[in-house]
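Structural description and commentary
The residues making up each chain are set out below.
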Amino acid sequence: MSGSSNDPAVPTPSLPAFGFESTLADEVPGVTLPWQGAHAPDPRVLILNDGLARSLALDPASLRTPEGAGVLSGSIPPAETATVAMAYAGHQFGNFQPLLGDGRALLLGELRDDRGSRVDLHLKGSGATPFSRGGDGRAVVGAMLREYLISEAMHALNIPTTRSLAVVTTGEQVLREGGPQLGAVLARVASSHLRVGTFEFAARREGLAQTLADYAVARHYPELVERAPEDRYLAFFEAVVEAQAALVAQWMSVGFVHGVMNTDNTTISGETIDYGPCAFLDAYDPATVFSSIDHGGRYAYGNQPAVLGWNLARFGETLLPLVNSTPDTAITALTAVLDTYGDRYRHHYAAAMALKLGLADDAMDAALVDDLHRLLTDHRADWTLTFRALAENLRGNSEPFDALVPPDASRNWLERWRTAVSVRAQDFSSVADDMDRVNPAYIPRNHLVDAALNAATEGDLEPFERLLDVVTSPFDRRDNWSDYALPAPENFSAGFQTFCGT
Ligand code: AMP
Ligand code: MG
């Protein structure tokens, strides 16, 4: 690499001190490939998450310097560690791809967060790698700001997710279908980038699955390290099934549609990852698909729990030889755990819905939720507005919910629900306040995201920054934010599509 440190004529730039470690590359080299980012002609920090930087003991000011932007774009290698591209396989729309991997991404290194937990700092859009499969290795500013916004919104909604540290523009034009766009790199933070697809890659290489599983257990489920080998990997599977069941229940409860639930986009940690064509529901409809590439509706809103079960089955298959050397015994054991997935999911979803509806867990009856779903579907009611409107109904203001579902249709359901609420508490207004603490007033609504990204692409970041402020305080209703709570105009939603991989 550059010999600048040996050349007195070229001063060594003062790189920010990251304090990177590289335990994955050191302990599981079989899933990493030493690699460096592409040159960026003019890296500049477009947006930086100061709070997240500080929580990683990084100095925001030094990240904003040309050297900081250089490192965050992948253009300047960080001092302490060798950067790597990660290898993985994956089932994409159900079809197995034996080699995917970081085709436009780079793992810069590992840091500690403010709770002492190890996290990855990873770049997306940092240039082609041996995994690029003909792709250009680049990303553009609109798509990276989109991931930044939606991942930070998810975090604010208390949903496990990768976080966004920065978007750095590269100073380069990147060719895309609609014409050239400004290149950009997203710097993101994750509790790791281990995916079901990483295990699918490792399972096809002698000995690698066990090394990877031991690493993943120690990093994500350290309480299992001491387990005897004969139940450690089964317990690991169970822990991932549980974490992912809880995650997808959270997605369903806020109306999040991931859009590309391929196995390479399903984490071992239970964090949401890879925000491509994702979007939030407006009108409640299980068949909702936003992604332009999801022709069959495989990843429709209402299919997400089932698809996750399918992905977990693929994950379980990679652990077969670790769980037991006798295949039938291993299959029986893993299947028994996989069979608990449905109940785990239903339990988490019911608990989330109980909170959303102001009900105690034991006052939750599944028919109440099913009937609400039916009402909302019949009347194309907005999922997010529904729960804030129900809280208003408890406060004696029936207008907002009546505007979503006509009173003639909702009377019976409202009566059943209010009776269920009264089992828990006589004081409806305090229940309404509890509901408002879990039901967002603001989500990244598609028309607002679109407008903010279009403006940002034209060079005006202000609408984006305002929207980011709103969606990262999703529960605090403010009078001057009322436009942000409104659903999209009907003519916008009807044809709305999201595009991925850009
Ligand atoms: P995703 O749809 O973002 O989960 O990506 C699926 C696979 O395609 C991953 O292996 C990515 O690294 C790869 N990929 C996506 N976009 C590009 C690109 N522009 N250049 C190279 N590889 C890409
Ligand atoms: Mg991906």
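Residues numbered from 1 in each chain as written. Chains lettered and ligands numbered in written order. Predicted model: local features only at pLDDT ≥ 70, side-chain atom pairs only at ≥ 80, totals over all residues. Heavy atoms only, no water.

What follows deals with the environment of Ala249. Here Ala249 lies in helix H8 (residues 229–254). Residues Ala249 and Arg346 lie 97 residues apart in sequence; the distance between their C-alpha atoms is 7.7 Å. Here Ala249 is in contact with Tyr345, His348 and Tyr349, once residues within four sequence places are set aside. (Helix = DSSP H or I, 4+ residues; strand = E, 2+ residues; numbered from the N terminus. Contact = heavy atoms within 4.5 Å.)

Time to look at the packing of aromatic side chains. Taken as a whole and judged by the stated rule, the model has 19 aromatic pairs. Measuring from ring centre to ring centre gives 5.6 Å for Phe236 and Phe315, while their planes differ by 85°; the resulting arrangement is edge-to-face. Within this pair, whereas Phe236 is found in helix H8, its partner Phe315 is found in helix H9 (residues 304–323), the two being separated by 79 residues in sequence. The same class applies to Phe236 as to Phe315, namely buried. (Phe/Tyr/Trp six-rings, centres within 6.5 Å; stacked < 30°, edge-to-face > 60°. Buried < 20%, exposed > 50% of the residue type's maximum accessible area, 1.4 Å probe, protein only.)

Time to look at the coordination of the magnesium ion (ligand 2). Donor atoms from the polypeptide that coordinate the magnesium ion (ligand 2) comprise Asn265 (OD1) and Asp274 (OD), at 1.9 to 2.2 Å from the metal. Like Asn265, the residue Asp274 is buried in the burial classification. (Donors = N, O, S within 2.8 Å, 3.2 Å for Na, K, Ca; no water.)

Neighbouring ligand 1 are 17 residues, the closest being Gly101, Gly103, Arg133, Asp136 and Gly137. Here an oxygen atom of ligand 1 sits 2.6 Å away from a polar atom, N or O, in the main chain of Gly101. Note that an oxygen atom of ligand 1 is positioned 2.7 Å from one of the backbone N or O atoms of Gly103. When ligand 1 sits alone it has 490 Å² of accessible area, and the protein chains cover 86% of it. Looking at the shell around ligand 1, you find at least three residues from each of domain 1 (23–190) and domain 2 (196–348). (Near = heavy atom within 4 Å. Polar contact = N/O pair within 3.5 Å; in protein donor to acceptor, adjacent residues only side chain to side chain. Areas by Shrake-Rupley, 256 points an atom, 1.4 Å probe, with all protein chains shown as cover. Domains from an automatic or database assignment.)

Moving on: the layout of surface pockets. Empty space among the atoms becomes visible once a probe the size of a water molecule is rolled across them. Roughly 560 Å³ of volume is contained in the second largest pocket. Lining the second largest pocket are 24 residues, with Asp113, Arg115, Thr161, Arg163 and Glu271 sitting closest to its centre. Only helix H2 (50–55), strand E7 (118–124), strand E9 (179–190) and helix H7 (208–220) provide two or more residues apiece to the lining of the second largest pocket. Counting residues per element, the lining of the second largest pocket draws most heavily on H2, which supplies 3 residues. Among the domains, domain 1 (23–190) and domain 2 (196–348) are the pair contributing at least three residues each to the lining of the second largest pocket. (1 Å grid on protein atoms, 1.4 Å probe; cavity = no way out; pocket = protein on both sides within 12 Å on 5 of 7 lines; lining within 4 Å. Points joined across faces, edges and corners; volume = space filled by probe spheres on them.)

As a further point, take the pattern of salt bridges. Pairing is possible between side chains that carry opposite charge, provided their charged atoms lie close to one another. One pass over the full model with this rule turns up 35 salt bridges. For Asp382, the salt bridge identified is with Arg445, shortest N-O distance 2.9 Å. Note that Asp382 is positioned in the loop between helix H12 (366–378) and helix H13 (383–394) and Arg445 in the loop between helix H16 (428–438) and helix H17 (446–457), a separation of 63 residues in sequence. We classify Asp382 as buried; its relative accessible area is 4%. Ionic pairing is found between Asp433 and Arg395, a salt bridge with its closest N-O pair at 2.9 Å. Of this pair, Asp433 sits in helix H16 while Arg395 sits in the loop between H13 and helix H14 (399–404); the two residues are 38 residues apart in sequence, bridging distant segments of the chain. Residue Asp433 is classed as partly exposed on the basis of its relative accessible area of 34%. Residue class for Arg395 comes out partly exposed when judged on its relative accessible area of 33%. One connected set of salt bridges, linked through shared partners, spans Glu21, Glu110, Arg118, Asp120 and Arg219. (Salt bridge = Lys/Arg side-chain N within 4 Å of Asp/Glu carboxyl O.)

Moving on: the domain arrangement of the chain. Each assigned domain of the chain is listed here: domain 1 (23–190), domain 2 (196–348) and domain 3 (361–502). Computed over C-alpha atoms, the centres of domain 1 and domain 3 are 32 Å apart. Counting the surface domain 1 buries against domain 3, the share from its top three residues, Arg146, Leu149 and Leu157, is 35%. In this assembly, domain 1 and domain 3 are joined by 0 salt bridges. Here domain 1 is connected to domain 3 by 0 residue pairs in polar contact (both at pLDDT 80 or more). Elements with a contribution of two residues or more to the side of domain 1 that touches domain 3: strand E2 (44–48) and helix H5 (141–156). When residues of the side of domain 1 that touches domain 3 are assigned to their parent elements, the largest contribution, 12 residues, is made by H5. (Buried area = accessible area lost by both parts, 1.4 Å probe.)

Before going further, it helps to examine the nonpolar core. Within the largest apolar cluster, 133 residues are counted, with the highest numbers of intra-cluster contacts made by Phe236, Ile268, Leu357, Trp417 and Phe464. Considering each element in turn, this core owes the most residues, 15 residues, to H8. Residues contacting Leu357, with those up to four places away along its chain left out, are Val369, Leu372, Phe387, Leu390, Trp413, Trp417, Val421 and Met435. Ranked by size, the runner-up nonpolar core spans 23 residues in total, among them Leu56, Leu63, Val71 and Leu108. (Core = buried A, V, L, I, M, F, W, Y, C linked by side-chain atoms within 4.5 Å.)

The next thing to look at is H9. Its 20 residues place the ends of H9 27 Å apart at the C-alpha level, agreeing with the 28 Å of an ideal helix rising 1.5 Å per residue. Along H9, the largest kink reaches about 35° and is centred on Glu317; proline Pro321 follows within four residues of it. Within H9, 15 of the 20 residues are buried, which leaves the element mostly enclosed by the surrounding structure. (Expected span 1.5 Å × (residues − 1). Bend = angle between axes of the 7 residues up to and from the residue.)

The next thing to look at is the side chain of Asn446. Mapped onto the elements of the fold, Asn446 is located in helix H17. Here Asn446 falls in the buried class, since its relative accessible area comes to 4%. Here Phe280 takes part through its backbone oxygen, which lies 3.3 Å from a polar atom of the side chain of Asn446. Asn446 has contacts with Ala279, Phe280, Asp282, Phe290, Phe492 and Phe496, leaving out every residue within four places of it along the chain.

Moving on, we come to the packing of H9 against helix H10 (residues 327–338). The interhelical angle for the contact between H9 and H10, taken along N-to-C directions, is 145°, at an axis separation of 9 Å. Like other packed secondary-structure pairs, H9 and H10 cross with a definite hand, here right-handed. Contact residues: H9 offers Gly309, Leu312, Ala313, Gly316, Leu319, Leu320 and Val323, while H10 offers Pro327, Ala330, Ile331, Ala333, Leu334 and Leu338. Counted by class, the contact of H9 with H10 contains 11 nonpolar, 2 polar and no charged residues. (Axes fitted to C-alpha atoms, helices over the stretch in contact; angles between N-to-C directions. Left-handed = near helix turned anticlockwise from the far one by under 90°. Nonpolar A, V, L, I, M, F, W, Y, C, P; charged D, E, K, R; others polar.)

With 12 residues, H13 should reach 16 Å at 1.5 Å per residue; the first-to-last C-alpha distance of 18 Å fits that figure. For H13, the tally of buried residues reaches 11 of 12 residues, placing the bulk of the element in the interior. When H13 is considered as a whole, its buried residues turn out to be Trp383, Thr384, Leu385, Thr386, Phe387, Arg388, Ala389, Leu390, Ala391, Asn393 and Leu394. Following H13 by one or two positions, Gly396 adopts a phi angle in the positive range, close to 95°.

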